[in-house]
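# Structural characterization, general
Below, each chain spelled out in residue letters.
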Amino acid sequence: MAVLASTVYVKDPDTHQWVTCEAGTKPEPRLAALIRTPSAWEGGAVPEAAPEPDTEPDPQEPAEPEPDKRPRARRPAAKADA
């Protein structure tokens, strides 16, 4: 794991909160993947991103129903009695 050369602020994708990654520390891999600036890392090289976790839906979880893709039919305007 690479070490940061400078302090960096990133927005955590899970909590949507700003996280401070201090210089001289090794940030979590999920946060390190967000830091793409070479000058932020010691040695000036951006570390390779960790593989993304499999985000397939749980087969036990019911799938959301497909929305009806047919256009809605319009009703004719009501005739006004004169």
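Residues numbered from 1 in each chain as written. Predicted model: local features only at pLDDT ≥ 70, side-chain atom pairs only at ≥ 80, totals over all residues. Heavy atoms only, no water.

### Details of the overall build of the chain
This is how it is decided: Strands are runs of DSSP state E lasting at least two residues, helices are runs of H or I lasting at least four, and both sets are numbered from the N terminus onward. Between buried and exposed lies partly exposed: a residue is buried under 20% and exposed over 50% of the maximum accessible area for its type, with that area taken using a 1.4 Å probe on protein chains only. Between two residues, a contact is recorded if the distance between any of their heavy atoms is within 4.5 Å. A 1.4 Å probe and the Shrake-Rupley method give the accessible areas. Residues count as covered only by the protein chains that appear here.
Of the regular secondary structure elements, the chain holds one helix and two strands. Reading the chain from its N end, one meets helices and strands in the order β-β-α. By residue count, 15% of the 82 residues in the chain fall in the buried class. The long-range share in the chain, meaning contacts at least 24 apart out of those at least 6 apart in sequence, stands at 30%. Entry remark: accessible area of the chain is about 7,500 Å², with carbon and sulfur atoms responsible for 52%.

### Section: the nonpolar core
The line we're drawing: Nine residue types can take part in a nonpolar core, namely buried Ala, Val, Leu, Ile, Met, Phe, Trp, Tyr and Cys, and a core is a set of them joined through side-chain atoms within 4.5 Å.
Core analysis: the largest hydrophobic core is formed by nine residues, namely Leu4, Val8, Val10, Cys21, Leu31, Ala32, Ile35, Ala40 and Trp41. Of all the secondary-structure elements, those providing two or more residues to this core are β1 (8-11) and α1 (29-32). Those residues in contact with valine 8 that lie beyond four places of it in its chain are Val19, Thr20, Cys21, Ile35 and Ala40.

### Some points on the pattern of salt bridges
This is how it is decided: A pairing counts as a salt bridge when a side-chain nitrogen of Lys or Arg comes within 4 Å of a carboxyl oxygen of Asp or Glu.
Under the criterion given, the structure shown has three salt bridges. Between arginine 30 and glutamate 28 there is a salt bridge whose closest N-O contact spans 3.0 Å. The class for arginine 30 is partly exposed, based on a relative accessible area of 35%. Exposure remark for glutamate 28: the relative accessible area of 42% places this residue in the partly exposed category. Residues joined in a network through salt bridges with shared partners are Asp12, Asp14, Glu28 and Arg30.

### A word on the environment of glutamate 42
With respect to the secondary-structure elements, glutamate 42 resides in the segment after α1. On the accessibility criterion, glutamate 42 (47% relative accessible area) is partly exposed. Each C-alpha atom, one on glutamate 42 and one on alanine 23, is 9.3 Å from the other, the two residues being 19 residues apart in sequence. Setting aside anything within four residues of it in sequence, one finds glutamate 42 in contact with Val3, Leu4 and Ala5.

### A closer look at the environment of glycine 24
Within the secondary structure, glycine 24 is located in the loop between β2 (18-21) and α1. In the structure, glycine 24 is positioned 20 residues away from leucine 4 in sequence and 5.2 Å away in space, judged by C-alpha atoms. With sequence-adjacent residues up to four places away left out, glycine 24 is seen in contact with Val3 and Leu4.

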